[in-house]
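Chain and residue survey
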Amino acid sequence: MFSIEANQLTKQFGTFTAVDHISFQVNEGEIFGFLGANGAGKTTAIKMMSGLLLPTSGTAMIAGFDIRTQSKLIKRNIGYMSQKFSLYGDLTVFENMQLFGTIYKIPRKELKDRIMNSLRELDMEKQADTLVDSIPLGWKQKLAFATAILHRPKIVFLDEPTSGVDPIVRREFWKLIYLAASKGVTILVTTHYMDEAEYCNRISIMSEGQIKLIGTPDELKKKMEVNTINDVFVKFVKR
Amino acid sequence: MRTILILIKKEFLQVFRNPLLLSILVVAPLVEFMIFPFCADYEIKVLNIAFIDNDRSQISKDIIHSFNSSEIFVSKGLLDNKEEADEMMKHDQIDLLIEIPINFENNLYNNENTQIAVTANAINSVKAGIGTGYVQEIIGGYMQDFAAMHTPANMQAAISSANETAAQQKQGQRQAAAVPSAPIRTTNAAKVNISNIYWYNEQMNYKNLIVPGILVILVTLIGCYVTALNLVREKEIGTIEQVNVTPIRKWQFLLGKMIPFWLLGMAEFGAGLIIMKFIFGISVQGSLPLLLGITAIYLFVMLGLGFFISSVSENQLQSMFIVLFLFIVFVLLSGVFTPTEGMPGWAHKINYLNPMSFYIEVIKKIILKGSAFESVMTETIVLSVMAVIINTGAVVSYREASK
């Protein structure tokens with residue numbers, strides 16, 4: 001069984017087609033990259049798969065649940081991190097994690113242990129009682145990721161998680177992604193950093209709402225006869 | 001349950017960490033309470049009055065004299081002509097002019113209709129209305145005495161009065177005041193006693209009306225304004241998206257927001273009642289639990305309205321404008337500061353949709369009159385129905401908005 005299985009997924013806003021009949025599969029524990037220029041339809045696709053938007057036509061199975069009819073069950077089994085940082089800035093690190101953990105119905109004691117563990121992994125134990133607004137952006141992004149996986153979802157959707165973050169934090173962030181994937185979590189990540197695309201198991205390149213290319217980074221490089229994903233992208237856009 | 005509790009905790013933490021919101025919640029009401037009742041005062045303490053006596057008879061002198069015995073009237077003396085009076089009224093030196101016509105006394109004895117003209121400066125309409133009322137009372141009283149002394153002669157005295165604004169006078173526009181000229185019959189005049197007792201506000205102390213009005217405005221502001229900004233703010237900063245991907249139910253999320261602001265609103269109302277008692281000396285005449293109960297319902301109406309506005313707005317600015325618009329309509333139509341009796345029929349019909357107009361009725365009835373549940377039952381039912389409708393609307397529109 002695939003972790004994510006999209007079938008002719010389409011979203012129209014009026015006459016504008018944001019996502020145009022995309023179909024793809026993602027395996028369990030895979031890190032799948034969504035590449036594409038701004039406005040290619042990546043965010044819309046993610047919003048449909050995470051139950052924030054209903055598709056105009058087509059369907060997708062997320063962790064075995066239908067996005068049209070079983071969005072409640074999907075929501076329980078996914079984590080989501082948007083391109084806009086969206087934890088509460090006027091709550092502390094601990095309060096944010098406690099809030100979201102409680103919404104996912106993690107038992108009180110267990111929740112506290114999980115929060116402390118994940119803060120230890122992030123090396124942010126000292127910041128537990130700091131207001132989120134007053135910590136640096138890179139740390140915020142790591143915190144948002146830790147919060148998104150606190151309830152141990154089967155799939156995590158990351159929408160441009162590293163935009164605006166410095167290279168060192170980006171590297172640390174990808175370490176966290178690998179760590180999660182090694183535990184069997186499926187990761188679907190959008191990015192426009194081409195070096196990050198190299199870290200993915202498989203990538204797809206979207207343009208004008210459609211998936212134009214799909215495969216492992218090596219396959220795509222071979223296919224386009226270039227050395228880096230950056231060149232794949234440039235060559236693709238020029239074509 | 002645990003979900004809602006953690007949401008309530010979150011909301012309280014946020015309120016108490018937001019200095020601007022806190023000051024809106026705490027400082028603004030206090031300032032309103034401390035300043036507003038002292039400015040919004042319709043009480044008439046002094047009325048400057050002048051006379052034109054074209055009759056120069058004993059009766060006309062008596063009438064003019066009868067005004068001297070009143071504490072509220074300050075006589076600016078006898079004037080020669082209308083032009084002089086006009087000039088004085090324009091410069092705000094007199095509020096009222098009384099003009100006694102030629103042959104007034106003769107006409108009175110000959111049992112013919114005669115009229116005394118009362119002109120009031122209607123720039124201040126409250127002053128003009130109350131002033132002409134007092135004048136009528138005094139002249140009417142004199143006429144009664146006169147009639148009683150001159151029985152069985154059958155006499156009629158009619159008083160008509162006209163309100164004129166000094167400004168309008170020039171253009172020749174006259175506003176006739178709706179003061180009915182009442183013929184006084186000698187046969188029963190001695191028995192008739194004109195007396196004005198203002199019920200439920202015996203001293204005509206306007207603070208008694210203004211202070212409860214401010215209480216209403218306070219509750220409305222907390223309920224509607226603060227919540228209208230709250231949800232849309234989460235939309236703006238993007239946190240609502242993070243909440244929407246969780247399995248939380250929409251009504252749970254709204255309830256988690258509603259309860260904290262409901263508690264805050266009730267606390268503000270309580271504080272308002274305490275201020276009302278100890279600073280303005282107005283204590284609740286009726287049942288306190290009844291008052292709190294209806295206030296709780298009214299708060300739910302306003303909270304629901306706030307969330308409804310919040311869920312249909314794109315940003316805080318938009319929802320602020322909607323609230324401001326509604327708020328002004330509510331206040332002006334509700335009769336919080338202006339009497340609704342003078343409003344046209346269509347305004348009364350609009351008022352059936354105005355929760356504030358029902359609530360101010362309840363407040364006036366329970367706080368000033370001490371009414372029991374029976375006399376506020378209609379208002380309670382209407383407010384309850386409104387609460388259900390608006391809150392259902394809020395949940396539905398929030399659900400639609402996040403699709």
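Look above for the structure.
Here the structure is a predicted model, which means the values were calculated and not measured.

**Details of the overall build of chain B**
What chain B contains, in helices and strands, is 16 helices and 6 strands. For chain B, with 403 residues in total, the buried portion stands at 50%. Once local pairs closer than 6 in sequence are excluded, the contacts in chain B between residues at least 24 apart make up 78%. When the accessible surface of chain B is split by element, carbon and sulfur atoms take 61% of a total near 19,500 Å².

**Concerning the overall build of chain A**
A count of helical and extended segments in chain A gives 9 helices and 10 strands. Relative to a compact globule of 239 residues, whose C-alpha radius of gyration would be 18 Å, chain A shows 18 Å and is just as compact. Considering only C-alpha atoms, chain A reaches an extent of 50 × 40 × 35 Å along its principal axes. Burial status across chain A gives 56% buried among its 239 residues. A separation of at least 24 residues holds for 65% of the contacts in chain A among residues at least 6 apart in sequence. Accessible surface computed for chain A: about 10,700 Å², of which carbon and sulfur atoms make up 50%. The averaged location of the 26 negative side-chain charges in chain A is 4 Å from the averaged location of its 31 positive side-chain charges.

**Describing the environment of arginine 68 of chain A**
Residues and elements named next belong to chain A. Checked against the element boundaries, arginine 68 lands in the loop between strand E5 (65–66) and helix H2 (71–77). For the pair arginine 68 and proline 55, spaced 13 residues apart in sequence, the C-alpha to C-alpha distance is 7.8 Å. When near neighbours in sequence (up to four residues on either side) are disregarded, arginine 68 contacts Leu54, Pro55, Thr56, Ser57 and Gly58. Looking at arginine 68, its side chain comes within polar contact range of the main-chain oxygen of glycine 58, at 3.2 Å.

**Considering the side chain of threonine 246 of chain B**
Mapped onto the elements, threonine 246 of chain B comes out in the loop between helix H10 (239–244) and helix H11 (250–280). With relative accessibility at 1%, the residue threonine 246 of chain B sits in the buried group. One polar contact links the side chain of threonine 246 of chain B to the main-chain carbonyl oxygen of valine 243 of chain B, over a distance of 2.5 Å. Setting aside chain neighbours within four positions, we find threonine 246 of chain B in contact with Lys75, Phe100, Ile103 and Tyr104 of chain A.

**Quick look at the interface of chain B and chain A**
At the interface, 28 residues of chain B touch 31 residues of chain A. With both sides pooled, the region where chain B packs onto chain A buries about 2,700 Å², and carbon together with sulfur makes up 58% of that total. For the interface between chain B and chain A, the tally reads 3 salt bridges. Put simply, glutamate 95 of chain A and arginine 17 of chain B hold a salt bridge, and the shortest N to O gap is 2.8 Å. Applying the counting criterion to the chain B and chain A interface returns 12 residue pairs in polar contact (both at pLDDT 80 or more). At 8 residues, helix H1 (residues 2–16) of chain B tops the list of elements feeding residues into the side of chain B that touches chain A.

**Digging into the packing of aromatic side chains**
Enumeration according to the criterion identifies 13 aromatic pairs over all chains in this entry. Consider the rings of phenylalanine 24 of chain A and phenylalanine 32 of chain A, whose centres lie 5.3 Å apart with planes at 5°: the pair is stacked. Of the aromatic side chains, those joined through ring pairs into one cluster are Phe51, Phe67, Phe73 and Tyr134 of chain B. Over the ring of tyrosine 398 of chain B we find lysine 250 of chain B; its NZ or CZ atom is 5.4 Å from the centre of that ring. Directly above the aromatic system of phenylalanine 278 of chain B lies the positively charged group of lysine 277 of chain B, at a separation of 5.9 Å from the ring centroid.

**Re the nonpolar core**
Core analysis: the largest hydrophobic core is formed by 73 residues, its most contacted members being Leu143, Phe145, Leu158 and Ile187 of chain A together with Phe253 of chain B. In contact with leucine 143 of chain A, other than residues within four places in its own chain, are Leu87, Val93, Met97, Leu119, Leu122, Met124, Val132 and Ile135 of chain A. In terms of nonpolar packing, the next biggest core, distinct from the first, is built from 48 residues, Ile210, Val301, Met356 and Ile390 of chain B among them.

**Re the sheet that holds E5 of chain A**
Residue and element names in this part refer to chain A. In space, the 4 strands of this open sheet follow the order E2-E1-E4-E5, with antiparallel pairing throughout. The open sheet has two edge strands, strand E2 (16–26) and E5, and neither has a second partner. This element, helix H1 (residues 42–49), spans strand E1 (4–13), E2 and strand E4 (57–62) of the sheet and lies at about 115° to E1.

**Regarding a positive patch on the surface**
Residues Lys72, Arg76 and Lys105 of chain A together with Arg249 and Arg399 of chain B make up a contiguous surface patch of positive charge. Here lysine 105 of chain A is to be found in the loop between helix H3 (93–103) and helix H4 (108–122).

**Focus: the pairing of strand E3 (residues 96–100) of chain B**
Residue and element names in this part refer to chain B. Taken across its 5 residues, E3 has 5 buried, putting it largely inside the fold. Of the two faces of E3, the one holding Leu96, Ile98 and Ile100 and the one holding Leu97 and Glu99 are both buried throughout. With 5 bridges joining them, strand E1 (residues 47–53) and E3 adopt parallel strand pairing. Among the inter-strand pairings, alanine 50 is bridged to a residue of E3, identified as leucine 97. Looking at chain direction, E3 and strand E4 (residues 115–121) are connected through 4 bridges and run antiparallel. Its bridge partner being in E4, glutamate 99 is matched across the sheet by alanine 117.

**Description of unusual backbone geometry**
All names here are of chain A. In this model, lysine 105 sits at a positive phi of 65°, which is unusual for a non-glycine residue. We classify lysine 105 as exposed; its relative accessible area is 58%. Of note in this structure, glutamate 160 is not a glycine but carries a positive phi near 45°. Among the structural elements, glutamate 160 can be located in the loop between strand E7 (155–159) and helix H6 (167–182). For glutamate 160, a relative accessible area of 8% gives the class buried.

**Observations concerning the pairing of strand E3 (residues 31–36) of chain A**
Residue and element names in this part refer to chain A. With respect to burial, E3 is a largely interior element, 6 of its 6 residues being buried. Side chains Ile31, Gly33 and Leu35 of E3 all project onto a buried face; the interleaved residues Phe32, Phe34 and Gly36 project onto the opposite face, where all are buried too. Across 5 bridges, the pairing between E3 and strand E8 (residues 186–191) is parallel. Residue pairing across strands places isoleucine 31 opposite isoleucine 187, the latter belonging to E8.

Here is what the cut-offs are and how they apply
- Per chain, residues are indexed from 1 in the order of the written sequence.
- Think of it this way: whatever chain is written first is A, whatever ligand is written first is 1, and the rest follow in order.
- Local features are withheld for residues below a pLDDT of 70 in this predicted model, meaning they are given only at 70 or higher, and side-chain atom pairs are given and counted only at 80 or more; totals for whole chains, interfaces and linings count all residues.
- As a rule here, side-chain values come from all non-hydrogen atoms in the structure, and water together with hydrogens is ignored.
- For the purposes of this entry, the term helix denotes a DSSP run of H or I that reaches at least four residues, the term strand denotes a run of E that reaches at least two, and both are numbered from the N terminus.
- To sort residues, take the accessible area from a 1.4 Å probe on protein chains only and compare it with the maximum for the residue type: under 20% means buried, over 50% means exposed, and anything in between is partly exposed.
- It only takes one pair of heavy atoms within 4.5 Å for two residues to be counted as in contact.
- Using the Shrake-Rupley algorithm and a 1.4 Å probe, accessible areas are obtained, with residue cover drawn only from the displayed protein chains.
- Based on C-alpha atoms, the radius of gyration is set beside the globule rule, defined as 2.2 Å times the residue count to the power 0.38.
- For the purpose of charge, His is not counted, nor are the chain termini; Lys and Arg are scored as positive and Asp and Glu as negative.
- Where a charge sits is defined by one atom per residue type, namely NZ (Lys), CZ (Arg), CG (Asp) or CD (Glu).
- A 3.5 Å cut-off defines polar contacts: any pair of N or O atoms within that distance qualifies, except that in protein one atom must be a possible hydrogen donor and the other a possible acceptor, and neighbouring residues in sequence count only when both atoms are side-chain atoms.
- We define buried area as the total accessible area lost by two parts upon association, computed with a 1.4 Å probe and summed across both.
- Salt bridges, as used here, are contacts in which a Lys or Arg side-chain nitrogen is within 4 Å of a carboxyl oxygen on Asp or Glu.
- Stacked, tilted and edge-to-face are the three classes applied to pairs of Phe, Tyr and Trp rings, where Trp contributes its six-membered ring and a pair requires centres within 6.5 Å; stacked means planes under 30 degrees apart, edge-to-face means over 60, and tilted covers the rest.
- Placement of a positive charge over a ring is assigned whenever Lys NZ or Arg CZ falls within 6 Å of the ring centre and within 35 degrees of the normal to the ring plane.
- In these notes, a set of buried Ala, Val, Leu, Ile, Met, Phe, Trp, Tyr and Cys residues joined through side-chain atoms within 4.5 Å is what counts as a nonpolar core.
- Paired strands, in this sense, are two strands between which DSSP finds at least two bridges.
- Only the contacting stretch of a helix is used when fitting its axis, a line to C-alpha atoms as for every element, and angles between N-to-C directions run 0 to 180 degrees.
- For patches, a residue must show more than 30% relative accessible area and have no salt bridge; joins then use 9 Å for like charges and 5 Å for nonpolar side chains, namely Val, Leu, Ile, Met, Phe, Trp and Tyr.

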